[in-house]
Amino acid sequence: MPTILGQNQYGKAENRVVKITRDGATHHIKDLNVSVSLSGDMEEVHYSGSNANVLPTDTTKNTVYAFAKEHGIESAEQFGIHLARHFVTSQEPIKTARIRIEEYAWERIEAADANSRFIGADEVKHSFVRKGQETRLTQITYDGSSWEVISGLKDLVVMNSTNSEFWGYVKDKYTTLKEAYDRILATQVSARWRFNWTDDDQRMPHWEKSYEQTKKHMLQAFAETYSLSLQQTLYQMGSRIIDNRGEIDEVRFSLPNKHHFLVDLEPFGLKNDNEVYFAADRPYGLIEATILRDGCEPRIPVDLTNL
């Protein structure tokens, strides 16, 4: 045979599942986008077309919805763990399951105090508005003996309106950028962090608390760092997470520099004292790096595009 089969996987991508938990009049929402990917003894389906080892992708879709009912959705991580364990342990040909989940957060709509009782909604506990800050992410990989959990977020836009400089950089004949001693620093954070929980004998992290605290330390570091470069800020954000969250060994960031340029108002006889900016969407500087706990090896892919 002149060719051989290399790495392969299959599954059902982007299964949208919304789980409503009704605690009396108080409702809770988990809104997930779940992608299932399975690999194992799948040579024959490629070579001969035999589906003897193939669990239909439609079945994986159905499993997602059934598990939302049977197990509930405590967290994106816990839900992914349930799914991965099921696929690997219930189907002998399947050796590895990878579950990727995006979570879309909702928050309650506060009803107006006045007049709300006249429409029967004195204390609304079932109305929500979609949060727009970020999308939460997780990827669960299980091979029957060990786990890899990588969580994170994307599209978290942050800005410091001062306490940022950029100067002392290399200049050549093509350099036109002026040095800045008081600039806006803004970025759209894409971050992934890897947990050191790898097997069932270890104590499992509290996934919801971990996410909330990791995000908190990330934002605090961004706000509290007097930045001489976006690279410096990135390192401080990752270091703060590693220093404060013992369950995390590795953090990787991809930070586009959302440039804000001072507008030249002199043609109109006006002085622009760091007040009016043009927000450029492209091109943009792209700063990426991994921060590790000392002694740990990097395992988060360098290219986050498909993670």
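Summary of the structure given here. (Residues numbered from 1 in each chain as written. Predicted model: local features only at pLDDT ≥ 70, side-chain atom pairs only at ≥ 80, totals over all residues. Heavy atoms only, no water.)

So, on to the overall build of the chain. When helices and strands are counted, the chain shows five helices and 12 strands. With respect to the three principal axes, the spread of C-alpha positions in the chain is 75 × 70 × 35 Å. When the 307 residues of the chain are sorted by exposure, 41% land in the buried category. Residue pairs at least 24 apart in sequence account for 67% of intrachain contacts in the chain once pairs closer than 6 positions are excluded. When the accessible area of the chain is evaluated, it comes to approximately 17,700 Å², of which 49% is carbon and sulfur surface. (Helix = DSSP H or I, 4+ residues; strand = E, 2+ residues; numbered from the N terminus. Buried < 20%, exposed > 50% of the residue type's maximum accessible area, 1.4 Å probe, protein only. Contact = heavy atoms within 4.5 Å. Areas by Shrake-Rupley, 256 points an atom, 1.4 Å probe, with all protein chains shown as cover.)

The subject of this paragraph is the side chain of Glu250. In this fold, Glu250 is placed in strand β9 (residues 248-257). There is a polar contact of 2.7 Å between the side chain of Glu250 and the side chain of Arg194. Looking at Glu250, its side chain comes within polar contact range of the main-chain nitrogen of Ile300, at 3.0 Å. When neighbours within four sequence positions are excluded, Glu250 is seen to be in contact with Arg192, Trp193, Arg194, Ile242, Thr290, Ile291, Leu292, Glu297, Pro298, Arg299 and Ile300. (Polar contact = N/O pair within 3.5 Å; in protein donor to acceptor, adjacent residues only side chain to side chain.)

Right, let's get into the sheet that holds strand β6 (residues 135-142). Sheet strands pair via backbone hydrogen bonds, and the direction of the pair is either parallel or antiparallel. One open sheet holds the eight strands; their spatial order is β1-β2-β3-β6-β7-β8-β9-β12, and the pairing between them is antiparallel. Strands at the two margins of the open sheet, each flanked by one partner only, are β1 (15-23) and β12 (285-292). For this sheet, the mean inter-axis angle between neighbouring strands, taken without regard to orientation, is 20 degrees. Of the pairings in the sheet, the one linking strand β2 (residues 26-40) to strand β3 (residues 94-104) comprises 10 bridges and is antiparallel in character. Bridge pairing links Asn33 to Glu102 in β3. Helix α4 (residues 207-224) rests against β2, β6, β7 (147-160), β8 (185-195) and β9 of the sheet, and its axis sits at about 35 degrees to β7. Docked against the sheet, helix α5 (residues 230-244) engages β8, β9 and β12, running at close to 155 degrees with respect to β9. (Pairing = 2+ DSSP bridges. Axes fitted to C-alpha atoms, helices over the stretch in contact; angles between N-to-C directions.)

Another point: the pattern of salt bridges. Applying the stated criterion to the full structure yields 18 salt bridges. Put simply, Asp31 and Arg16 hold a salt bridge, and the shortest N to O gap is 2.5 Å. Here the residue Asp31 occupies a position in strand β2, and Arg16 occupies one in strand β1, the gap between them amounting to 15 residues. Asp31 gets classed as buried once you look at its relative accessible area, which sits at 2%. (Salt bridge = Lys/Arg side-chain N within 4 Å of Asp/Glu carboxyl O.)

Attention now goes to the nonpolar core. Ranked by internal contacts, the top residues of the largest apolar core, which has 52 residues, are Val34, Phe79, Ile99, Val189, Trp193, Met218 and Phe253. Here this core takes seven residues from helix α3 (residues 76-90), the largest share from any one element. The residues touching Ile99, leaving out its near neighbours within four places in the chain, are Val34, Ser35, Val36, Gly80, Leu83, Ala84, Phe87, Thr138, Gln139 and Ile140. (Core = buried A, V, L, I, M, F, W, Y, C linked by side-chain atoms within 4.5 Å.)

For the largest pocket, the calculated volume is near 900 Å³. Every residue lining the largest pocket is counted, 29 residues in all, and those nearest its centre are Leu177, Lys178, Ala180, His260 and Phe261. By residue number, the principal contributor to the lining of the largest pocket is strand β10 (residues 260-262), which donates three residues. Residue composition of the lining of the largest pocket, by class: 13 nonpolar, eight polar and eight charged. (1 Å grid on protein atoms, 1.4 Å probe; cavity = no way out; pocket = protein on both sides within 12 Å on 5 of 7 lines; lining within 4 Å. Points joined across faces, edges and corners; volume = space filled by probe spheres on them. Nonpolar A, V, L, I, M, F, W, Y, C, P; charged D, E, K, R; others polar.)

Right, let's talk about a nonpolar patch on the surface for a bit. Residues Trp167, Tyr181, Tyr226 and Leu228 make up a contiguous nonpolar surface patch of about 440 Å² in total accessible area. Judged by its relative accessible area of 42%, Leu228 is partly exposed. (Patch = residues over 30% accessible without salt bridge, like charges linked within 9 Å, V, L, I, M, F, W, Y side chains within 5 Å.)

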